Structure formats: C-alpha cells, structure tokens
Amino acid sequence: MAKKAKKQNKKAPANELPENMLPQNILPMGERVEENKNIYISQAVYKEIHKFTKNKTTNESGGMLVGTVIEEFGKTNIVISGFVEAKFCEATPTTLKFTHETWEFVHKEIGKKHKGKKIVGWIHTHPDFGIFLSEYDKFIHQNFFSEAHQVAYVVDPIQNIEGFYFWINGNIEKCKGFYIYDKTGTQITVDTGKDESTEEKAATPLFSIKNILIAILSVAVVFLIFSNISSSKQLEKLKKEQEKLETQQVTLTNRANQALFQMQQMLAAQDTEIQELREILKEAGIIVEPETPVEPEDDTTTDTGTGNTEQGGTDNTTDSSTEETGDGTTTDTTEGETTDTTEGGTTTNE
C-alpha cells in the first residue's frame, strides 16, 4: 500500500493544489486587482509558457490555459494549472488561427495530462507589437472564450512584457495584476525585475529604431500643429487688415462723394448769385447790353443805254476821249476801257 501511495504521489503534478483550495504561497505581479476576479498561475506553467514563447519572434504562437475556477470571498478566482501548446495552427506575424486539428489536439492533451480540468483561457504572442488585443483577437475571445471565467494572456517575447485580459460586466478589460503561486514551502524564483506588470516591463532600449521613429513622428506632429496655429494666426491677421482696408476704402469713397455733392451745390448757388447780380446791374444801368448791328443791303443799278453805272444812289461818270482817225473811224477811249466804232455803227467795249 505504501508503494502504491508513493506511485500516486509521483504521478500527481507538482503544481497541483488540493481541490477547491486557493493558493497560499503566492507572488503578486503588478497592481492589486480591485475587480471581482483574481488570476492565479502556477510557477511551473508560468515558466513553461515563457520558455515556449522565448524564441517565437517571427510569427504569433499560442496555446490553451487549463485549470479550475474557485468562487470564494465574493470573487471568482481563476487558477491556471496547465498549458497546452496550440499545434497545427495557422500563424502570421500579426494573426493566429486555431484550426480543427488544433482543437482536436488540445482536447486530447487535456484528456491525457489534465483530467478534470477545463479550458480557462488562451495565450498568444505579439512579437515586438506590445500588449493589447487587436480586433481579430477580440473576435477570437468573443467567439471561442466567451465564458465569464475565461481569460486572454498576451506575451511579447521581444519587449519582454505581458498582460492578462478578462471579462468584466460583459466587456473585455485589461487586468492590472495577477498572482504566481506554488505549493506551500516552495520558493517562487521568478525574476520580478524582468517579469513585472505591463506598465513596468514596457521599457525598451532608449535608442531603438521604434523609439526613434516614434520620436521623429512626435516632433513632426508638434511641428505641424505649431505651423497650423501660426498659419491660422497669420490668416486671421491678414483677414482683419483686409477688413480694415475695405472699411477705410468705403469711408474715403463716402467722403469723396459728399465733397463732390457739396461742390456741385456751391457752384449752383454761385451761378444763381451771378445771374441775380447781373440783373441788378442791368436794372441800375451799369451794364448795357450791346445792340446787334444791322448790315446795309447792296443796291447796284447799271444803265446800259448810257454806259453809266449807279451803285447805292451814287452816279459815277468815267472820263473819256474821242479820237477820229483818217479813215473815218472814231475811237472812244475811256480810262480802263477801249471802244471801237466802225462804220456799221457797231461798238465794242473791252
């Protein structure tokens, strides 16, 4: 009987606790959880998972978390006592898909090595992407791990950070902390300097490419913000100056129109005064309007019978002389004219 008891003790897992008993030997990781759930993970399982994920730096990898759920002290206590690698899965650097073959393998392994236990969550890696649940991760959790006690465990093997997510009031929330446990009297030798909560372990080399790119982008964003602010101020200033110039232009135009109107009124008033003064001077006899001269009409009369011309009632007589030639011809010569008389009684004046 003693030999059988020894064999049974050898077969029992080293991290197995008495049924429905919360771990007493624990090491808190991260902050105290104020929600109504606590997460406990065996030291052996914790180290096994980190050993499994250590070299998984290219594609995502993962597996199933198995254990029990203990309701005590008003809290749901999720105790993780086993890990099953998700073989036959389809993985990329940003996604992990559990195939039918994966689920068949997992259930067989649970039946062989973790009898009486159930799947209490899943674990997958984010190589150098940090700790979060992508939309695809949330889809997996909502459709395959929708029980209130099932958790999601994310490990970044490059940045050496980790974090748990669980269901709180129907939402997937990040857990602030968890507990590593072991049997009473067993020392927990987890290096807390490396395996602390997400916030404490998120530190990366100061001059890594990722940090440099983030710094450059941050500076660029700040520069753009200040440039936009400066441009907005300049545009606002230019707009105000333009409005001021337009106001001044309108004022000057109105003043010019008023001045022109006043000048027109003054000219009209002066013209009226001039006309009135002119009338007064006329009545006083100081100004005499000049009479319009009448041009005399020309009256010219010519008497062809006597050879005399009468112009304007004045008789003009031209002195003449008569010469008689030897041939019986008489020549009448007038100053400026010559008259030839022939025998036939014909007289020609030139």
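Before reading further, recall that the structure is shown in the block above.
Residues numbered from 1 in each chain as written. Predicted model: local features only at pLDDT ≥ 70, side-chain atom pairs only at ≥ 80, totals over all residues. Heavy atoms only, no water.

Caption draft 1: Quick peek at the pairing of strand S11 (residues 177-182). Burial analysis of S11 places six of its six residues in the buried class, the great majority of the element. Here S11 shows no split at all, with Gly 177, Tyr 179 and Tyr 181 on one side and Phe 178, Ile 180 and Asp 182 on the other all buried. Sheet topology note: the strand S1 (residues 25-30)/S11 ladder contains six bridges and is antiparallel. Counted as the bridge partner of Met 29 is Phe 178 from S11. When strand S2 (residues 37-42) meets S11, the two strands line up parallel, connected through three bridges. Across the sheet, residue Tyr 40 finds its bridge partner in S11, namely Tyr 179. (Buried < 20%, exposed > 50% of the residue type's maximum accessible area, 1.4 Å probe, protein only. Helix = DSSP H or I, 4+ residues; strand = E, 2+ residues; numbered from the N terminus. Pairing = 2+ DSSP bridges.)

Caption draft 2: Quick peek at the packing of aromatic side chains. Overall, the coordinates contain eleven aromatic pairs when judged by the stated rule. Here Tyr 46 and Phe 178 contribute two aromatic rings whose centre-to-centre distance is 6.3 Å and whose plane-to-plane angle is 35°, an arrangement assigned as tilted. On the criterion of sequence distance, the pair formed by Tyr 46 in helix H2 (residues 43-53) and Phe 178 in strand S11 is long-range, its members being 132 residues apart. With centroids separated by 5.8 Å and ring planes inclined at 80°, the aromatic side chains of Phe 98 and Trp 103 adopt a geometry described as edge-to-face. Under the relative-accessibility criterion, Trp 103 is labelled buried at 17%. Ring pairs connect the aromatic residues Phe 98, Trp 103, Trp 122, Phe 144 and Phe 145, which therefore count as one cluster. Stacked on the ring of Phe 52, the Lys or Arg Lys 56 has its end atom at 4.3 Å from the ring centre. (Phe/Tyr/Trp six-rings, centres within 6.5 Å; stacked < 30°, edge-to-face > 60°. Lys NZ or Arg CZ within 6 Å of the ring centre and 35° of its normal.)

Caption draft 3: Region of interest: H2. Residues Gln 43, Val 45, Tyr 46, Ile 49, His 50, Phe 52 and Thr 53 constitute the buried set of H2. The N-terminus of H2 is capped by Ser 42, whose side-chain oxygen sits 3.3 Å from the backbone nitrogen of Ala 44. (Polar contact = N/O pair within 3.5 Å; in protein donor to acceptor, adjacent residues only side chain to side chain.)

Caption draft 4: Inspection of the nonpolar core at higher detail. Core analysis: the biggest nonpolar cluster contains 25 residues, and Ile 39, Ile 41, Leu 65, Ile 80, Tyr 153 and Phe 164 have the highest contact counts within it. For this core, the secondary structure elements donating two or more residues are S2, H2, strand S4 (75-85), strand S7 (118-125), strand S8 (151-156), strand S9 (161-168) and S11. With four residues, H2 is the single largest residue contributor to this core. Setting aside residues no more than four positions away along its own chain, Phe 164 makes contact with Ile 39, Ile 41, Leu 65, Ile 80, Val 151, Ala 152, Tyr 153, Glu 173, Lys 174, Cys 175 and Phe 178. The next biggest cluster of nonpolar side chains, apart from the first, holds 22 residues, and it includes Val 66, Ala 86, Ile 131 and Leu 133. (Core = buried A, V, L, I, M, F, W, Y, C linked by side-chain atoms within 4.5 Å. Contact = heavy atoms within 4.5 Å.)

Caption draft 5: Main features of the pattern of salt bridges. One pass over the structure, following the stated rule, counts two salt bridges. Residues Lys 113 and Glu 109 are paired through a salt bridge, measuring 3.1 Å at the closest nitrogen-oxygen approach. Here Lys 113 pairs with Glu 109, and both are found in helix H3 (residues 100-113), just four residues apart, close to one helical turn. We classify Lys 113 as exposed; its relative accessible area is 58%. The closest approach of N and O atoms between Lys 138 and Glu 135, which form a salt bridge, is 3.9 Å. Taken as a pair, Lys 138 and Glu 135 lie in helix H4 (residues 135-144) at a separation of three residues, close to a single helical turn. Since its relative accessible area comes to 30%, Lys 138 is described here as partly exposed. (Salt bridge = Lys/Arg side-chain N within 4 Å of Asp/Glu carboxyl O.)

Caption draft 6: Summary view of a nonpolar patch on the surface. Residues Val 221, Val 222, Ile 225, Phe 226 and Ile 229 make up a contiguous nonpolar surface patch of roughly 450 Å² in combined accessible area. Within the element layout of this structure, Phe 226 appears in helix H6 (residues 209-283). (Patch = residues over 30% accessible without salt bridge, like charges linked within 9 Å, V, L, I, M, F, W, Y side chains within 5 Å. Areas by Shrake-Rupley, 256 points an atom, 1.4 Å probe, with all protein chains shown as cover.)

Caption draft 7: Looking closely at unusual backbone geometry. Backbone geometry places Phe 88, a non-glycine residue, at a positive phi of 65°. Relative to the elements of secondary structure, Phe 88 occurs in the loop between S4 and strand S5 (90-91). Of the residues examined, Phe 88 reaches a relative accessible area of 54% and is grouped as exposed. In this structure, Asn 169 takes a positive phi of about 50° despite not being glycine. A relative accessible area of 78% places Asn 169 in the exposed class.

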